[in-house]
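# Coordinate inspection notes
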Amino acid sequence: MFVKLTRSGGRRYLQLVESYRNEAGQPRQRTVATIGRLAEVGGAVDTLVDRLLAATGRSAAASVPAPTLRVDDLRFDSSLAYGDVFALDALWRELGLDAIARLLRLAHPGFDAEALLRAMVFNRLCDATSKLGLLRWLEVAWVPGLDPQEVTHQRLLRTMDTLHERCNEVSALVAGLLRPLVDTQLAVVFYDLTTLRAEGGSELPGDLRAIGKAKEGGFARQCLLGVVQTAEGLPLAHRLWPGNAVESETLATAVAEVLQWFPVQRLILVADRGLLSMDNLAMLDGLKLGDGARALEYIVAVPARRYNEFAQLLAPLQPQCQASAEECIGEMPWSAEDADDAEGHSAAEATGSPADHDARTLRLVWAHDPQRAAEQGRQRQARIDALLERAQASADKLDAQDGGTSFKGRKLSDAGAKARLYHEVLEARLGRIIKVDLRHEQLSWTIDEERLAREKVLDGKLLLLTNVADLVPAEIVQRYKSLADIERGFHVLKSQIEIAPMFHRLPERIRAHGLICFLALVLHRVMRMRLKAKGNAASPERALQMLRQVQRHRIHLSGDQAVTGLSSVSAAQAELFAALEVPRPTAAGL
């Protein structure tokens, strides 16, 4: 007997056939049994084969020769960056930010808006680009739970619109998720502002883009961004204002939001000198925490050169400061009624405060840095000398012209020389020291020695107003100097996250863009906190760069079969995953 393959109706069958001779002695074949259809998986043929192999003690794998794969039979997809996005996705879910999905799901049942939001946030950290550029980024990166085929520019913009509509709800949700990371016994928070350059020339109702003085210098069309963060660098809240908004008027809104979302028992606010006004001090003194039993405490830098009173208060300390080679720190009592502005008006008059305002006595903490004082003095004197040299050269030329001497070019006039010197003095910010007499017929100027002496007294000085009673002056100064960390946060926003320049026109899109970048900053700071806690020297930028080398690969074999896998994880990458407290990625999760 033997096995024979037969065909019937386009199908192939396996039959058991017997050979025999008929009565005439001629060889013939007859079918003993039809075992089954050959292509039927798990049918009678497979059952017979398995039983025969079992009877002989051999496995099915051993009986089947290994297929021979040729390179020409394989097709490789482009590798996709995965390790960096995987780490960010794990942090996103661990912090509970995926709860934003329920706020976006009802508005967009046709697609996963939360997945698109994640993609926009991760893109800011991995390869910051525009919303159109994000579509290209998805061609080289793999975002868990996101089908790149479902991502369109229109859907990204619709997600941003919904994010703005639910902005307050999303901000409250994020604040609730960050609340366990904030010390409710004593929270020291820092508040500062920066400017974000905006493109476009159109004007819209409620436009956030306005011409204002940029932090980088000059005037530009911009928005104003305020950020509140903890002493550890964790951002708590943010808000956007028009680019020409008064900085000091933004403080009340920022403080109110922090008090609303973070019910701490004690709060110390640290703010820079641009936010100080007497109205702000009155507002801060009136804020209460929780049930109103405890007042808000604050440490606010003083724009000392704006008020004459501070130079007068510090003048008696100048011999001590000049004799010290190291930083010296002290304090004195201060009241708002004592301060006169640069024009001689009281602080109450300068800010429009009522004359009978309750002037509470505060602590005025001062610190003197000898090296900074010397450098500021040298720079100012160099500017003065350069201006006076040019002014004297113009005066000599005018005198020579009056004496009959001719010079090449256009004849110099006293009016022209006065105007040029006046503008040069203003550009050098020396208008309070060098006085150009515009009414005099001839070019004339004087040096205000009294004002120059006051400026020298304030060189190298840091002045802080505070109502915190239980910290010594050195601790007050150290708390304020920690404000520099928020400047590093602004640097991250502008350099790595690339929040600006902004190309959105609509105020709603600009605010949504700001919220997306704020969420990216939260992830960045959580990464930094965890890396620092584990003693890992890598910055978040460097960590993401290293993890980006863990890539997703997909190979198509002959036919429709495909295999997906990950590149191997090095020891350094495994250490980063451990420091970030996220699991290592596996091929099973793809």
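Keep in mind the model is a prediction, meaning the values are calculated, not measured.

## Overview of helix 17 (residues 473-481)
Along helix 17, the residues that are buried comprise Pro473, Ile476, Val477 and Tyr480. The arc that holds the buried residues of helix 17, viewed along the axis, is 95 degrees, so those residues lie on one side. Elements in contact with the buried residues of helix 17: strand 10 (267-271), strand 13 (297-301), strand 14 (328-334), strand 15 (362-368), strand 18 (461-466) and helix 18 (484-495).

## With respect to the environment of Arg197
Along the chain, Arg197 turns up in strand 6 (residues 187-197). Remark: the alpha-carbon pair of Arg197 and Ala500, spanning 303 residues in sequence, is separated by 5.9 Å. Setting aside chain neighbours within four positions, we find Arg197 in contact with Ala220, Arg221, Gln222, Ala500, Pro501 and Met502.

## Side note on the packing of aromatic side chains
Applying the stated criterion across every chain, the model contains 5 aromatic pairs. Note on Phe310 and Trp334: the rings are 5.7 Å apart at their centroids and 15 degrees apart in plane angle, and the pair reads as stacked. Placement of Phe310 in helix 11 (residues 308-314) and of Trp334 in strand 14 is noted, with a sequence separation of 24 residues between them. The exposure classification of Phe310 matches that of Trp334, with both residues buried. An aromatic cluster of at least three residues, connected via ring pairs, comprises Tyr82, Phe86 and Phe577. Note that Arg30 overlies the ring of Tyr20, its terminal NZ or CZ placed 4.2 Å from the centroid.

## Quick look at the side chain of Thr194
Its location among the elements puts Thr194 in strand 6. Setting aside its immediate chain neighbours within four residues, Thr194 contacts Lys215, Cys223, Leu224, Leu225, Phe490 and Lys494.

## Digging into the pairing of strand 8 (residues 219-230)
Across the 12 residues that make up strand 8, a large majority, 11, are buried. Here strand 7 (residues 210-213) folds back onto strand 8, and the loop between the two strands holds 5 residues, one of which, Gly217, carries a positive phi near 110 degrees. Pairing between strand 8 and strand 9 (residues 235-242): 7 bridges, direction antiparallel. Across the sheet, the residue bridging to Cys223 is Pro242, located in strand 9. The turn joining strand 8 and strand 9, which pair antiparallel and follow one another in sequence, is formed by 4 residues; a positive phi near 95 degrees is taken by Gly233.

## Points about the side chain of Arg552
Mapped onto the elements of the fold, Arg552 is located in strand 19 (residues 551-556). Buried and without a salt bridge, Arg552 has Asp77 as its closest oppositely charged side chain, separated by 5.6 Å.

## Examining helix 21 (residues 571-579)
Restricting attention to buried positions, one finds in helix 21 the residues Gln573, Ala574, Leu576, Phe577 and Ala579. In the core, the buried residues of helix 21 are packed alongside helix 3 (83-94), helix 19 (507-533) and helix 20 (540-547). Glu581 sits one or two residues past helix 21 and shows a positive phi near 60 degrees.

## Examining the pattern of salt bridges
Per the counting criterion, the structure on display carries 26 salt bridges. Note that Glu94 is salt-bridged to Arg530, the shortest N-O span being 2.7 Å. Residue Glu94 is found in helix 3, and its partner Arg530 is found in helix 19; the two are separated by 436 residues along the sequence. On the basis of relative accessible area, Glu94 is assigned to the partly exposed category, the value being 43%. For Arg530, a relative accessible area of 13% translates into the label buried. Its salt-bridge partner being Glu455, residue Arg451 comes within 2.9 Å of it at the nearest N-O pair. Here the residue Arg451 and the residue Glu455 both occupy positions in helix 16 (residues 449-458), the gap between them amounting to 4 residues, near one helical turn.

## Describing the pairing of strand 3 (residues 27-37)
Sheet topology note: the strand 2 (residues 11-21)/strand 3 ladder contains 9 bridges and is antiparallel. Within the sheet, the bridge partner assigned to Leu16 lies in strand 3 and is Ala33. In this antiparallel pair of consecutive strands, strand 2 and strand 3, the connection spans 5 residues, and Gly25 shows a positive phi of 80 degrees.

## As for the packing of helix 19 against helix 20
Direction vectors running N to C along helix 19 and helix 20 enclose 95 degrees, while the axes themselves pass 9 Å from each other. With respect to their mutual orientation, helix 19 and helix 20 come out roughly perpendicular. In contact with His524, Met527, Arg528 and Leu531 of helix 19, helix 20 contributes Pro540, Glu541, Ala543 and Leu544. Here the contact of helix 19 with helix 20 is composed, by residue class, of 5 nonpolar, 1 polar and 2 charged.

## Overview of unusual backbone geometry
Only a minority of non-glycine residues have a phi that is not negative, and only a minority of peptide bonds are not trans. Here the residue pair Ala500 and Pro501 is connected by a cis peptide bond, since its omega of 5 degrees sits within 30 degrees of zero. Within the secondary structure, Pro501 sits in the loop between helix 18 and helix 19. Although it is not a glycine, Arg429 adopts a positive phi angle of roughly 60 degrees. Inspection of the secondary structure assignment puts Arg429 in the loop between helix 15 (414-427) and strand 16 (434-436). Positive phi outside glycine occurs at Glu581, with the angle close to 60 degrees.

## Regarding the confidence of the model for the protein chain
Here the protein chain averages 85 in pLDDT, while 91% of its residues score no lower than 70. Within the model, pLDDT remains below 50 along residues 345-357, and this stretch shows 19 contacts once partners closer than five positions in the same chain are excluded.

Reading the values: the criteria
All residue numbers refer to positions counted from 1 along the written sequence of the respective chain. Per-residue local features are limited, in this predicted model, to residues with pLDDT of at least 70; the limit for side-chain atom pairs, both in listing and counting, is 80 or more; totals at the level of whole chains, interfaces and linings are taken over all residues. As a convention, hydrogens and water are excluded, and side-chain values are obtained from all of the structure's heavy atoms. Relative accessible area decides the class of each residue, using a 1.4 Å probe on protein chains only: under 20% of the type maximum gives buried, over 50% gives exposed, and in between gives partly exposed. The way it works is that DSSP assigns letters per residue, a run of H or I at least four long becomes a helix, a run of E at least two long becomes a strand, and they are numbered from the N terminus. What the arc measures is the spread of directions leading from the helix axis to the C-beta atoms. Contacts are assigned to residue pairs with any non-hydrogen atoms lying within 4.5 Å of each other. Two aromatic rings from Phe, Tyr or Trp, using only the six-membered ring of Trp, form a pair when their centres are within 6.5 Å; if the ring planes differ by under 30 degrees the pair is stacked, by over 60 it is edge-to-face, and anything between is tilted. Comment: the charge-over-ring label is applied if NZ (Lys) or CZ (Arg) is within 6 Å of the ring centre and within 35 degrees of the ring normal. Any two strands with at least two DSSP-identified bridges between them are counted as paired. His residues and chain termini do not enter the charge count, which takes Lys and Arg as positive and Asp and Glu as negative. Salt bridge, as used here, is a side-chain nitrogen of Lys or Arg placed within 4 Å of a carboxyl oxygen of Asp or Glu. Angles shown run from 0 to 180 degrees and are taken between the N-to-C directions of axes, each axis being a line fitted to C-alpha atoms and, for helices, limited to the stretch in contact. Roughly parallel refers to an angle under 35 degrees, roughly antiparallel to one over 145, roughly perpendicular to one between 65 and 115, and oblique to any angle outside these ranges. Gly is put with the polar residues, along with every residue not named as nonpolar or charged; the nonpolar set is Ala, Val, Leu, Ile, Met, Phe, Trp, Tyr, Cys and Pro, and the charged set is Asp, Glu, Lys and Arg. A score between 0 and 100, pLDDT records how confident the predictor is in each residue.

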